[in-house]
Amino acid sequence: MRHVGLIAGAAAAALVAAGAITYAVAGDDGSGRTPSAESADAGFARDMAVHHQQAVEMSYIVRDRTKDEAVRRLAYDIAQTQANQRGMMLGWLDLWGLPKVSSEPPMTWMDMGGMASGKDGALMPGMATNSEMKKLGELSERQAEVFYLQLMTDHHKGGVHMAEGCADKCAVGVEKRLAQGMVDAQQSEISLMADMLKERGAAPRS
């Protein structure tokens, strides 16, 4: 599938770019200030690191459940890209001397701290529940492919919403650019996954 190849190429380019800015200075808003623990910059880094970790886990689960090369390639690209980005965000928190966890509910930095119930492990919008993750690990071949594509579509939609929030609210330039890159890449992957679901006689859940 040519479309999958293009996404893979884009993911590879994103990884190169991500590596180049991993050690970017913290005060990239032009002021030289370090973000506070309550800032959108810190909140996004903490929350998206958790959000990304589930996407990585989900992707490795499906790679073990199917032999379909298109799904395995997409899952690998998502896992590698999001693991790299997660490392960058946790690295920034270290550079800023800020905690990687907060007593505040997720997405408080977006004024949406009560949006996700946290029920059954779904800490933020788009995240799969613990039950859904367990189910994915029990399915195989076509069923696993469809369920993964549906779960990841929801996951990406939630991630795009959060990244748009950072692109609007974050002050650190390098983080704002990373967030906008997430929006662009994940929207492309949502479109790709809709096509892949259609090929399998299925559709996104919402």
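Rules used in this analysis
- Residues numbered from 1 in each chain as written.
- Predicted model: local features only at pLDDT ≥ 70, side-chain atom pairs only at ≥ 80, totals over all residues.
- Heavy atoms only, no water.
- Helix = DSSP H or I, 4+ residues; strand = E, 2+ residues; numbered from the N terminus.
- Buried < 20%, exposed > 50% of the residue type's maximum accessible area, 1.4 Å probe, protein only.
- Contact = heavy atoms within 4.5 Å.
- Axes fitted to C-alpha atoms, helices over the stretch in contact; angles between N-to-C directions.
- Left-handed = near helix turned anticlockwise from the far one by under 90°.
- Nonpolar A, V, L, I, M, F, W, Y, C, P; charged D, E, K, R; others polar.
- Core = buried A, V, L, I, M, F, W, Y, C linked by side-chain atoms within 4.5 Å.
- pLDDT = per-residue confidence, 0-100.

### Overview of the environment of G165
Okay, so step 1: Turning to its location among the elements, G165 is positioned in helix α5 (residues 141-169).
Okay, so step 2: For G165, a relative accessible area of 9% puts it in the buried group.
Okay, so step 3: As for G165 and A40, which are separated by 125 residues in sequence, their C-alpha atoms are 8.4 Å apart.
Okay, so step 4: Residues within four places of G165 in sequence aside, it is in contact with W109, M110 and C170.

### Side note on the packing of helix α3 (residues 69-96) against α5
Okay, so step 1: Their axes nearest at 11 Å, the elements α3 and α5 cross at an angle of 35°. The handedness of the crossing between α3 and α5 is left-handed. Contacts between α3 and α5 involve V71, L74, A75, I78 and Q82 from the former and E145, Y148, L149, M152 and H156 from the latter.
Okay, so step 2: Tallied by class, the residues present in the contact of α3 with α5 amount to 7 nonpolar, 2 polar and 1 charged.

### A look at the nonpolar core
Okay, so step 1: Among the nonpolar cores identified, the biggest contains 30 residues, and F44 and M89 are the most heavily contacted of them.
Okay, so step 2: Elements with a contribution of two residues or more to this core: α2 (40-63), α3, α5 and α6 (173-199).
Okay, so step 3: Residues contacting M89, with those up to four places away along its chain left out, are F44, A45, M48, A49, H52, L178 and M182.
Okay, so step 4: Of all hydrophobic cores here, the second largest spans 23 residues; its members include A75, I78, L151 and L197.

### Structural notes on unusual backbone geometry
Okay, so step 1: We note that M107 has phi near 70°; this positive angle belongs to a residue other than glycine.
Okay, so step 2: You can see M107 is positioned in the loop between α3 and α4 (130-138).
Okay, so step 3: Take M107: its relative accessible area is 1%, and that puts it in the buried class.
Okay, so step 4: You will see that D111, though not glycine, has its phi angle at about 60°, which is positive.

### Examining the confidence of the model for the chain
Okay, so step 1: Here the chain shows a mean pLDDT of 88. Residues at 70 or above account for 82%.
Okay, so step 2: Put simply, helix α1 (residues 2-21) is where the chain has its lowest mean pLDDT, 46, and α2 is where it has its highest, 98.
Okay, so step 3: Scored below 50 in pLDDT, residues 8-23 shows 14 contacts in the model against residues more than four places distant or in partner chains.

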